[in-house]
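If you want the building blocks of each chain, they are given just below.
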Amino acid sequence: MKKIESHASFGGFQEVWQHDASSTGTAMKFGIYLPPQALDAERCPVLYWLSGLTCTEQNFITKAGAQQWAAQHGLVIVAPDTSPRGEGVADDAGYDLGQGAGFYLNATRAPWDKHFRMYDYIVDELPGVIEQHFPVNQARAISGHSMGGHGALSIALKNPGRYRSVSAFSPIVAPSQVPWGQKAFSAYLGDDEAAWRQYDTVALLQGELAERLPLLVDQGDADEFLAGQLKPELLKAACEKTGHPLTLRLQPGYDHSYYFIASFIGEHIAHHAKALKAV
């Protein structure tokens, strides 16, 4: 564990750490906000934030304005990088594949399978690191944006009991049915559509779920990727068909940017805080 950054913020500290990850076989960075409550030796609940395509651990911690809300509610927020990186890690010329585009799955095809195991990293290894080294308890929530929204929703559905709440901004809800997901899944998982379904929120909702964790989703109606890549109507239809609880809010005038996320992140953090602190 190596501390890369530390900045005082709203009575707490925004830090960036690096560690050697066994799941990816690379060094991985994550941002962590420690609210003032955590500095007083109180063990706080954790919100995991998964960012979107091209992002690193920096985008959320510098653009979302989440620290003030995390300080108010006493939440630790952990924002990892979106993929393994470094010399010897497979990559692609496109922004939507390779480094910066891990899609929060475990790749099974070469050359990606050597390092691209972000599902294992997010679900198992990173929480283990956080719970070992920082003043947190085992109450967890998960959220994300775009590719990270896909990760948050699919991971929460696949791991009943692990997270107390889940939310997403502009998520890729049906990656098997849109170009971003089809490109990534073909490269990382091959042609096995059954493997694709294991990382597809809409497909998971159509299966047998052991838990009906309510979904909170915000989507801007001026999002340039709305019709071609995001398709929230597919999520709405799947939830209506299965009776899965969903709050889908189409926000007028908002696009795909962090201006959108910053406008509603306070409401999402309050939503998670309520669930995380429930007895």
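Everything below is about the structure printed above this text.
All of the points below concern the structure found in this document.

### Comments concerning the overall build of the protein
Along its length, the protein carries 11 helices and 9 strands. For the protein, the C-alpha radius of gyration of 17 Å lies close to 19 Å, the compact-globule estimate for 279 residues. Projected onto the principal axes, the alpha-carbon positions of the protein cover approximately 50 × 45 × 35 Å. Put simply, the protein has 279 residues, and 57% of those count as buried. Put simply, 72% of the contacts in the protein that link residues at least 6 apart link residues at least 24 apart. Surface accessibility of the protein: about 11,200 Å² in total, with carbon and sulfur atoms responsible for 49%. With 22 positive and 30 negative side-chain charges, the protein shows a spacing of 4 Å between the two charge centroids.

### Thoughts on helix 4 (residues 118–133)
By the largest-angle criterion, Glu125 marks the main kink of helix 4, which is about 35°, and a proline, Pro127, follows within four residues. Taken residue by residue, helix 4 has Met118, Tyr119, Tyr121, Ile122, Val123, Glu125, Leu126, Pro127, Val129 and Ile130 as its buried positions. In this fold, the buried residues of helix 4 make contact with strand 2 (12–21), strand 3 (26–34), strand 4 (44–50), strand 5 (76–80), strand 6 (136–145) and helix 5 (147–158).

### A closer look at helix 6 (residues 179–189)
Among the residues of helix 6, those classed as buried are Trp180, Gly181, Ala184, Phe185, Ala187, Tyr188 and Leu189. Within helix 6, the buried residues cover an arc of 165° as seen down the axis, which keeps them to one side. Packing partners of the buried residues in helix 6 comprise helix 5, helix 7 (193–197) and helix 9 (226–230).

### Overview of the sheet that holds strand 4
Overall, mixed pairing links the 9 strands, which are arranged 1-2-3-5-4-6-7-8-9 in an open sheet. The outermost strands of the open sheet, each flanked by one partner alone, are strand 1 (2–9) and strand 9 (246–251). Averaged over all pairs of adjacent strands, the angle between their axes in this sheet comes to 20°, without regard to strand direction. Strand direction decides the pairing type here: strand 2 and strand 3, joined by 9 bridges, are antiparallel.

### Describing unusual backbone geometry
Residue Pro111 is bonded to the preceding Ala110 through a cis peptide linkage, with omega at 0°. Examined against the element boundaries, Pro111 turns out to sit in the loop between strand 5 and helix 4. Unlike most non-glycine residues, Phe10 shows phi in positive territory, near 50°. Examined against the element boundaries, Phe10 turns out to sit in the loop between strand 1 and strand 2. The class of Phe10 is exposed, set by a relative accessible area of 53%. Residues other than glycine seldom take positive phi values, yet Tyr104 does so here, at roughly 55°. Residue position: Tyr104 is located in the loop between strand 5 and helix 4. Given the relative accessible area of 0%, Tyr104 is considered buried.

### Some words on the environment of Pro252
On the secondary structure map, Pro252 appears in the loop between strand 9 and helix 11 (258–276). You can call Pro252 exposed: its relative accessible area is 58%. Sequence separation between Pro252 and Gly220 is 32 residues, and the spatial gap between their C-alpha atoms is 6.1 Å.

### Concerning the pairing of strand 8 (residues 215–220)
The buried count for strand 8 comes to 6 of 6 residues, which makes it a mostly enclosed element. Note: strand 7 (residues 165–169) against strand 8, 4 bridges, orientation parallel. Looking at strand 8, one finds that Ala168 is bridged to Val217. The pairing of strand 8 with strand 9 spans 6 bridges and is classified as parallel. Considered in strand 9, the bridge of Gln219 is made with Leu250.

What counts as what
- Residues numbered from 1 in each chain as written.
- Predicted model: local features only at pLDDT ≥ 70, side-chain atom pairs only at ≥ 80, totals over all residues.
- Heavy atoms only, no water.
- Helix = DSSP H or I, 4+ residues; strand = E, 2+ residues; numbered from the N terminus.
- Rg over C-alpha atoms; globule rule 2.2 N^0.38 Å.
- Buried < 20%, exposed > 50% of the residue type's maximum accessible area, 1.4 Å probe, protein only.
- Contact = heavy atoms within 4.5 Å.
- Areas by Shrake-Rupley, 256 points an atom, 1.4 Å probe, with all protein chains shown as cover.
- Lys, Arg positive; Asp, Glu negative; His and termini not counted.
- Charge placed at Lys NZ, Arg CZ, Asp CG, Glu CD.
- Bend = angle between axes of the 7 residues up to and from the residue.
- Arc of directions from axis to C-beta.
- Pairing = 2+ DSSP bridges.
- Axes fitted to C-alpha atoms, helices over the stretch in contact; angles between N-to-C directions.

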